Structures are given as C-alpha cells and as structure tokens.
There are 2 protein chains.
Amino acid sequence: MPGKGKWQNRFSGHGRRWTMPRETILQQLSRTKKHQSPKEIFSAINKFNPGIGLTTIYRTLELLDKMGVIHKLRIGDGQVRYELQGKEKEDHHHHLICTSCGKIIDYFDFIDEEMELIKKTEKALTKKHNFVINNHNIEFYGLCEKCR
Amino acid sequence: MPGKGKWQNRFSGHGRRWTMPRETILQQLSRTKKHQSPKEIFSAINKFNPGIGLTTIYRTLELLDKMGVIHKLRIGDGQVRYELQGKEKEDHHHHLICTSCGKIIDYFDFIDEEMELIKKTEKALTKKHNFVINNHNIEFYGLCEKCR
DNA sequence: TTGTTATTGAAAATGATTATCATTGCCAAT
DNA sequence: ATTGGCAATGATAATCATTTTCAATAACAA
Ligand SMILES: [Mn+2]
Ligand SMILES: [Mn+2]
Ligand SMILES: [Zn+2]
Ligand SMILES: [Zn+2]
C-alpha cells in the first residue's frame, strides 16, 4: 500500500498509534537538515497547526529517538536537538560545533576509517569491560569561520 | 616557593585571586577519579565546610574549565560533570557510558590510533570548513555488565 | 595599612524538561 | 460500520539544574 506515508508502518501493530501530531512532527523534521530543538519544532509547527502542544513534541521526539527514527544531539547549548536518522551508510556523520555561536556542521569525512577504529575499539572495550556498545558519539568543538 | 599548593600559581597575577573555596573545590576534584556533578561536589564539601555555597561551586567549575584545569562532561543524565584534566599525554582518555545506570568508564585504549585519525580529520575539516578546532569528544554508549 | 575590586553566598529568577490528569481519538475486534 | 479499551494528547503544574542579582566580604597590589 504505497503512499500511506513513509513512517506509518513503523507505528501500526506495535501497540503504537499513527496520529496527526506524530505525522506533523515527522514532516517538520523532514523539512530541513538542521538540528532542531523541541521548542524550534514547536514554533515551526505552531504557525500552521496551533493545536499541537509542546508536551507532545517532547514525548514524540523521545519516542522517535527510542525507535531509532531520529537522533538526539546534546551539544552544550542548553537544549536537546534532533535530526532525522538516515538509514544508509552514507548518512552516518558527526558534528563540528562552534562554541561561540552554536553553529553545527555535519561532516562525512574519514567515516570509513573512523568506523574501522570504532569497531576495533568497541571490540576491545566490550571484552575488557564486559560492556555492550550500542552507539557512539564524536564531535569536534571550535570556532567557525565567522566567530574566530 | 614549594608547598604553596599545586594550582595557586595559575591564579596569582592574572587578575584572579587564590581563595579558600577554590582551593577546597580543587581538593575535592583531586580526591577521586570519579566524574562529579556540581551538586555532588557541593555535598562532599558541605560535610566539613558548610560555608561554601553551591553558586560558588558552579562559578568555580566554569572558571576551571575555561582555564583548562578541569574537563566538563555532558553525558545525558541531566547534570554536568567534571573531572580533573591531566597534563600528560597518557591522561587523555574517553568514556564508555551505560545508558541504563549512568556508569562511566574511562578508557585509554587505541588512543594513539585515535589521535592520528583525529589529527587527520581535524586537518581536513579545518581546511574544508574554515573552522578552528580546539577540542574533541568521543563517547560510547551501551549497557554495562550489571545492566545488560 | 588601605583602597580597589574580584569573589562570595543567599535568595530569587530562569528555563528546559517531566509529571499529572481529565479528555480525546486510534484501531482491533466485533 | 460500531464500539470498547487504552494509547495519545494538551493544559497545567511541578521539578530541577543552572543563572542572575546584589549586598557583603576578603585578596592583594600599592
Ligand atoms: Mn547532523
Ligand atoms: Mn574520565
Ligand atoms: Zn560560530
Ligand atoms: Zn549500567
């Protein structure tokens, strides 16, 4: 059944429901590659759909993150940020964060080499500390073109 | 003038003052290798020195971080954490964080290889995005022995 | 010793996130 | 197509970490 919406199938039949707010929030996340905070998402949606509450945004984002549909970012600016989680290997990336203005740049360089190192490290750490690793995070901090 | 305290010289003569609260906070940070939150540091100090306020803890930690004496950690548990910043190359490490109980493990494995990759990436990113990189952060998330 | 001013601590303010709870509406079963 | 159970919602209040304010204090250069 094509045209049902890209994500609906991930909600049906799991005790979860496909609702208008969730669809709207996913649309807003799809609309840009920016890393949006709950408040930003709320503001954007609120302009044309004032019915959706900030609480729902928070809850939905948390759920989508747990489902692996989106990715939660904690740069240090006082609010959490989210971006859509691509499914392809080429979508995997990390971030360059300006400590002055908060600008975030996605970078995709050396990801292969990085993945190799990550795998090796993961393996060693899993064995050494009896730890199951599910995820990793790499970020560079510095000053962007405008701020330095 | 030896025995003046390990850090005093970093405060004198820079418009900064060497005070009892600062010394106490640095002592508390030295007392353990744990990654302590402001509140935890406050509680520990408060037991034997109830005069030092939580506000001062916050301000001092921020200052020490800016001075490069300590390192700020933002794992996702709702509060910032700090650890002493070692000066030797061997002190450089990253973290393994349990998403269930919040346990943090320092690891020092593959740091050399990592540094090589980091340098290469930094170089490329600096050129490509005209960005000055000052710092980086790497962490693995997963489940610790007890939680999995 | 003294004047300047960085530092401090108590209290209040801020601001993001979470909890509560009555209401709504999705959807599987009929 | 209807409906009953319960997941989801939204308004509101509560939490809780961090920041701001401001008057009092104390480090330290002169
Ligand atoms: Mn990104
Ligand atoms: Mn550490
Ligand atoms: Zn910038
Ligand atoms: Zn654990």
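Just so we're clear, the structure is a prediction, and the values are computed from it rather than from any experiment. (Residues numbered from 1 in each chain as written. Chains lettered and ligands numbered in written order. Predicted model: local features only at pLDDT ≥ 70, side-chain atom pairs only at ≥ 80, totals over all residues. Heavy atoms only, no water.)

### Structural notes on the sheet that holds strand β5 (residues 132–143) of chain A
Applicable threshold: Strand pairing is assigned whenever DSSP identifies at least 2 bridges connecting the two strands. A helix here means a DSSP run of H or I that spans at least four residues, while a strand means a run of E at least two residues long, and both kinds are numbered starting from the N terminus. Angles shown run from 0 to 180 degrees and are taken between the N-to-C directions of axes, each axis being a line fitted to C-alpha atoms and, for helices, limited to the stretch in contact. In what follows, residue pairs with any heavy atoms lying within 4.5 Å of each other are defined as contacts.
If you walk across this open sheet you meet the six strands as β4(A)-β3(A)-β5(A)-β5(B)-β3(B)-β4(B), and the pairing is mixed. Each edge of the open sheet is held by one strand with a lone partner, namely β4 (104–107) of chain A together with β4 (104–107) of chain B. The mean inter-strand angle of the sheet, taken between neighbouring strand axes irrespective of direction, is 25°. Pairing analysis gives four bridges linking strand β3 (residues 94–98) of chain B to β4(B), with the strands arranged antiparallel. Looking across to β4(B), one finds that B:Leu96 is bridged to B:Ile105. Across the sheet, helix α4 (residues 111–129) of chain B touches β3 (94–98), β4 and β5 of chain A together with β3, β4 and β5 (132–143) of chain B, and the angle it forms with β5(B) is around 130°.

### Quick word on the protein's contact with DNA strand C
The criterion, for reference: Note on terminology: near, applied to a residue and a molecule or strand, indicates that one of the residue's heavy atoms is within 4 Å of it. In protein, a polar contact requires one atom able to donate a hydrogen and another able to accept it; more generally it is a pair of N or O atoms within 3.5 Å, and residues adjacent in sequence count only if both atoms are side-chain atoms. Asp, Glu, Lys and Arg are counted as charged, while Ala, Val, Leu, Ile, Met, Phe, Trp, Tyr, Cys and Pro are counted as nonpolar; the rest, among them Gly, fall into the polar class.
For DNA strand C, the set of nearby residues contains 21 residues, the closest of which are A:Arg17, A:Tyr58, B:Thr19, B:Thr56 and B:Arg59. Close to the protein, within 4 Å, the atoms of DNA strand C are drawn from sugar and phosphate at a rate of 66%. Contacts to DNA strand C include B:Thr19, whose side-chain N or O atom sits 2.6 Å from a phosphate oxygen. At the level of secondary structure, the elements contributing two or more residues to the surface near DNA strand C comprise α3 (54–67) of chain A together with α1 (20–30) and α3 (54–67) of chain B. For the surface near DNA strand C, the per-class residue count stands at five nonpolar, nine polar and seven charged.

### Description of the interface of chain A and chain B
In plain terms, the rule: By definition, the buried area sums, over both parts, the 1.4 Å-probe accessible area that each loses when the two are put together. Only one rule defines a salt bridge in this text: a Lys or Arg side-chain nitrogen within 4 Å of an Asp or Glu carboxyl oxygen.
Counting from both sides, the interface comprises 38 residues of chain A and, opposite them, 38 residues of chain B. Carbon and sulfur atoms supply 64% of the area buried between chain A and chain B, which totals about 3,700 Å² over both sides. Joining chain A to chain B, the criterion identifies four salt bridges. Where B:Lys128 meets A:Asp109, a salt bridge forms, and the shortest distance between an N and an O atom there is 2.9 Å. Scanning the region where chain A abuts chain B turns up 16 residue pairs in polar contact (both at pLDDT 80 or more). Among the elements of the structure, β3, β4, α4 (111–129) and β5 of chain A are those that each provide at least two residues to the side of chain A that touches chain B. Looking at the side of chain A that touches chain B element by element, the count peaks at 12 residues for β5(A). Partitioned by chemical class, the residues of the side of chain A that touches chain B number 18 nonpolar, nine polar and 11 charged. Sheet topology note: the β5(A)/β5(B) ladder contains 11 bridges and is antiparallel. Looking across to β5(B), one finds that A:Val132 is bridged to B:Leu143.

### Quick notes on the relation of the copies chain A and chain B
Rules: The fit set for superposing copies consists of C-alpha atoms from residues with pLDDT of at least 70 in both; the fit itself is least squares.
Expressed as a screw transformation, the operator carrying chain A onto chain B has a rotation angle of 180° and an axial translation of 0.0 Å, and the superposed copies differ by an RMSD of 0.1 Å. Expressed as a symmetry operation, the mapping of one chain copy onto the other fits a two-fold axis. Minimal C-alpha distance to the rotation axis in chain A is attained by A:Ile138, lying at 2.3 Å. A shared binding surface is used by both copies, with 100% of the interface residues of chain A retained as interface residues in chain B.

### Brief notes about the domain arrangement of chain A
Residues and elements named next belong to chain A. Heads up, the condition is: Those domain boundaries reflect an automatic or database domain assignment.
As assigned here, chain A comprises domain 1 (1–86) and domain 2 (88–148). Once you take the C-alpha centre of each, domain 1 and domain 2 turn out to be 23 Å apart. Buried surface at the junction of domain 1 and domain 2, both sides included, amounts to about 650 Å², of which 60% is carbon and sulfur. Interface area lost by domain 1 to domain 2 is led by His35, Ile75 and Gly86, which between them contribute 57%. On the surface where domain 1 and domain 2 come into contact, there are zero salt bridges.

### Quick notes on the pattern of salt bridges
Side chains carrying opposite charge are able to pair once their charged atoms draw close together. If you walk through the whole model with that rule in mind, you get 10 salt bridges over all chains. In this structure, the salt-bridge partner of A:Arg81 is A:Asp77, at a minimum N-O distance of 3.0 Å. Residue B:Lys120 pairs with A:Glu113 through a salt bridge whose shortest N-O separation is 2.3 Å. Linking B:Lys120 in helix α4 with A:Glu113 in helix α4, this pair reaches from one chain into another. Members of the salt-bridge network, linked through shared partners, are A:Glu40, A:Asp77 and A:Arg81.

### Quick notes on the coordination of the zinc ion (ligand 3)
Residue and element names in this part refer to chain A. Counted only if it meets this: A 2.8 Å cut-off from the metal defines N, O and S donors, relaxed to 3.2 Å for Na, K and Ca; water is not in the atom list, so some sites may appear incomplete. Think of it this way: with four donors and all angles in the 85 to 135 degree range, the site is tetrahedral; with four or six donors, opposite ones beyond 155 degrees and the rest between 65 and 115, it is square planar or octahedral; otherwise it is irregular. With a 1.4 Å probe rolled over the protein chains alone, any residue whose accessible area is under 20% of its type maximum counts as buried; one over 50% counts as exposed, and the rest are partly exposed.
Protein ligation of the zinc ion (ligand 3) involves Cys98 (SG), Cys101 (SG), Cys144 (SG) and Cys147 (SG), the donor distances falling in the range 2.2 to 2.4 Å. Around the zinc ion (ligand 3), the four donor atoms sit at angles spanning 102 to 117°, and that spread fits a shape best called tetrahedral. Take Cys101: its relative accessible area is 46%, and that puts it in the partly exposed class.

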